[in-house]
Amino acid sequence: MGRFDGKVAIVTGAGRGIGAAHAVLLASEGAAVVVNDLGADATGSGADLSPAQQVVEQINAAGGRAVVNGDSVSSWSGAEALISQAVETFGGLDILINNAGILRDRMSFSMTEEEFDAVIDVHLKGHFAPSRFAAAYWREQYKATNEPVNAKIVNTASESGLYANGGQANYAAAKAGIASMTIVMARELERMGIRVNAICPTARTRLTEDLAGEFMAKKEGKPDQFAPENISAVVAWLASDLSTGITGQVMKVMGGNIQVLRGWRPVTESTDEMEWTLDSVDAASAKLFEGVPAGVPKFMPALGEG
Ligand SMILES: NC(=O)c1ccc[n+]([C@@H]2O[C@H](COP(=O)([O-])OP(=O)(O)OC[C@H]3O[C@@H](n4cnc5c(N)ncnc54)[C@H](O)[C@@H]3O)[C@@H](O)[C@H]2O)c1
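Throughout what follows, the structure given in this document is the object of discussion. What you are looking at is a predicted structure, and each value in this text was computed from that prediction instead of being measured.

Moving on, we come to the overall build of the protein chain. Counting its regular elements, the protein chain contains nine helices and eight strands. Compactness check: the protein chain gives a C-alpha radius of gyration of 21 Å against a globular reference of 19 Å for 306 residues, within 12% of the reference. Along the first, second and third principal axes, the C-alpha set of the protein chain runs to 70 × 50 × 40 Å. Once local pairs closer than 6 in sequence are excluded, the contacts in the protein chain between residues at least 24 apart make up 68%.

With nine of its nine residues buried, strand 6 (residues 194-202) lies for the most part within the structure. Of the two faces of strand 6, the one holding Ile 194, Val 196, Ala 198, Cys 200 and Thr 202 and the one holding Arg 195, Asn 197, Ile 199 and Pro 201 are both buried throughout. Across six bridges, the pairing between strand 5 (residues 151-156) and strand 6 is parallel. The residue of strand 6 that forms the bridge with Asn 155 is Ala 198. Taken together, the five bridges between strand 6 and strand 7 (residues 250-254) define a ladder with parallel strand orientation. Of the residues in strand 7, the one forming a bridge with Cys 200 is Lys 252.

This brings us to helix 1 (residues 17-28). Taking 1.5 Å of rise per residue, the 12 residues of helix 1 would be expected to cover 16 Å, and the 17 Å separating its terminal C-alpha atoms lies within 8% of that figure. Burial runs high along helix 1: 11 of the 12 residues are buried. When helix 1 is considered as a whole, its buried residues turn out to be Gly 17, Ile 18, Gly 19, Ala 20, Ala 21, His 22, Ala 23, Val 24, Leu 25, Leu 26 and Ala 27. Residue Gly 30 follows helix 1 closely and has a positive phi angle near 105 degrees.

All right, on to unusual backbone geometry then. The phi angle at Asn 150 is positive, at roughly 55 degrees, despite the residue not being glycine. In this fold, Asn 150 is placed in the loop between helix 4 (113-145) and strand 5. Assessed through the 14 C-beta atoms surrounding it within 10 Å, Asn 150 is described here as partly exposed. The phi dihedral of Ala 164 falls on the positive side, at around 65 degrees, and the residue is not glycine. Assignment of secondary structure puts Ala 164 in the loop between helix 5 (159-163) and helix 6 (169-189).

Attention shifts here to the packing of helix 1 against helix 8 (residues 228-239). The interhelical angle for the contact between helix 1 and helix 8, taken along N-to-C directions, is 55 degrees, at an axis separation of 8 Å. Classified by the interaxial angle, the pair formed by helix 1 and helix 8 is oblique. You can see that helix 1 and helix 8 cross each other, and the crossing is right-handed. Residues Gly 17, Ile 18, Ala 21, His 22, Leu 25 and Leu 26 of helix 1 form the contact with helix 8, whose participating residues are Pro 228, Glu 229, Ile 231, Ser 232, Val 235 and Ala 236. Here the residues of the contact of helix 1 with helix 8 are counted per class, giving eight nonpolar, three polar and one charged.

Attention now goes to helix 3 (residues 76-90). Helix length check: helix 3 (15 residues) gives 22 Å between terminal C-alpha atoms against 21 Å at 1.5 Å per residue, within 8%. Among the structural elements, strand 1 (8-11), strand 2 (32-36), strand 3 (65-69) and helix 4 are those in contact with the buried residues of helix 3. Of the residues one or two after helix 3, Gly 91 is the one with positive phi, at around 85 degrees.

Quick look at the sheet that holds strand 7 now. Strand order in the open sheet made by the eight strands is 3-2-1-4-5-6-7-8, with mixed pairing throughout. Two strands bound the open sheet, and with one partner strand each, they are strand 3 and strand 8 (257-261). Direction aside, neighbouring strands of the sheet carry axes that sit 20 degrees apart on average. Looking at chain direction, strand 1 and strand 4 (residues 95-97) are connected through three bridges and run parallel. Bridge assignment links Ile 10 to a residue of strand 4, and that residue is Leu 96. This element, helix 6, spans strand 5, strand 6 and strand 7 of the sheet and lies at about 160 degrees to strand 6.

The next point concerns the site of the ligand. The full set close to the ligand counts 33 residues, and Gly 13, Gly 17, Ala 100, Gly 101 and Thr 205 are the nearest of them. Of all the secondary-structure elements, those providing two or more residues to the shell around the ligand are helix 1, helix 4 and strand 6. The class makeup of the residues in the shell around the ligand is 12 nonpolar, 18 polar and three charged.

Right, let's talk about the pairing of strand 8 for a bit. Pairing between strand 7 and strand 8: five bridges, direction antiparallel. Following the sheet pairing, Met 251 is matched in strand 8 by Val 260. Joining the antiparallel neighbours strand 7 and strand 8 is a turn of two residues, in which Gly 255 adopts a positive phi near 60 degrees.

Each value, and the rule that gives it
- Residues numbered from 1 in each chain as written.
- Predicted model: local features only at pLDDT ≥ 70, side-chain atom pairs only at ≥ 80, totals over all residues.
- Helix = DSSP H or I, 4+ residues; strand = E, 2+ residues; numbered from the N terminus.
- Rg over C-alpha atoms; globule rule 2.2 N^0.38 Å.
- Contact = placed C-beta atoms within 7 Å.
- Buried ≥ 20, exposed ≤ 12 C-beta atoms within 10 Å, placed from the backbone.
- Pairing = 2+ DSSP bridges.
- Expected span 1.5 Å × (residues − 1).
- Axes fitted to C-alpha atoms, helices over the stretch in contact; angles between N-to-C directions.
- Parallel < 35°, antiparallel > 145°, perpendicular 65-115°, else oblique.
- Left-handed = near helix turned anticlockwise from the far one by under 90°.
- Nonpolar A, V, L, I, M, F, W, Y, C, P; charged D, E, K, R; others polar.
- Near = placed C-beta within 6 Å.

Put into structure tokens, the structure is as follows:
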């Protein structure tokens, strides 16, 4: 018995890296999986279906069920076709894992329009478009049966977005948008029995191998906590009924540490019964910024900090 017996899942960007590990784990637990990947390079250029095909072959060879989908997640019609393929091939859809991603890092003052658009397209639109068509499919089911559909979406945000990495204005904006969109959609879809959560992963893939080096390297005789599979366990938990009741949450996974993250919240306040003027704002500012450290906020807040 697998935890996903009888379930149908889509994993985007599942031809390699973290997405491939998600697809393999879900399939090994009984899910029929649509392995989406257009096979781009790390910057989003090019197309090659063979990585997705290899993942499908691996799943099928192990006795699982999987098919390839080569649509781009950033295409509105491609996203619609992706959802339709799952329904037509496997008879339904229960789980959508949005994972596909690219990087085009550049300091903001040097970034090109193309670099900005490509990253926003693949991440932000590429999370929204499949979610939109999955939600529309589930809403029809809900209307037909009046029963909660028990479906799940798991998105892929990033610490870069939540803690504002320099050199990644495009990527960080997209990932912060994904975290926010996760909560919006969780709110919209809750009454239909659809849960929407997000993760912030850290794993050894082609996106991180140049940056993380030794930090994420596999250490002889030690648990391999930076392998993509280490992330998949959390994603599968969110996609399963083990996490019933959890929705609109963002979980960070780094090595052996898992955190639940929260976003914007007020840290100080000032209230006045008059319209604000430059002078009254200036007078209030002492109270508003009392105890707030000068300069750009710290990169990574400590546990429990505002
Ligand atoms: N690796 C990390 O430590 C890390 C950290 C934070 C966030 N992430 C996020 O995790 C996700 C997976 O990253 P990874 O490290 O496994 O990267 P990866 O490059 O190994 O895999 C990403 C996959 O997405 C596919 N893809 C790109 N554009 C696509 C499109 N338009 N449609 C369909 N597929 C497309 C690529 O072909 C590739 O196979 C990304 O969203 C990434 O931003 C990764």
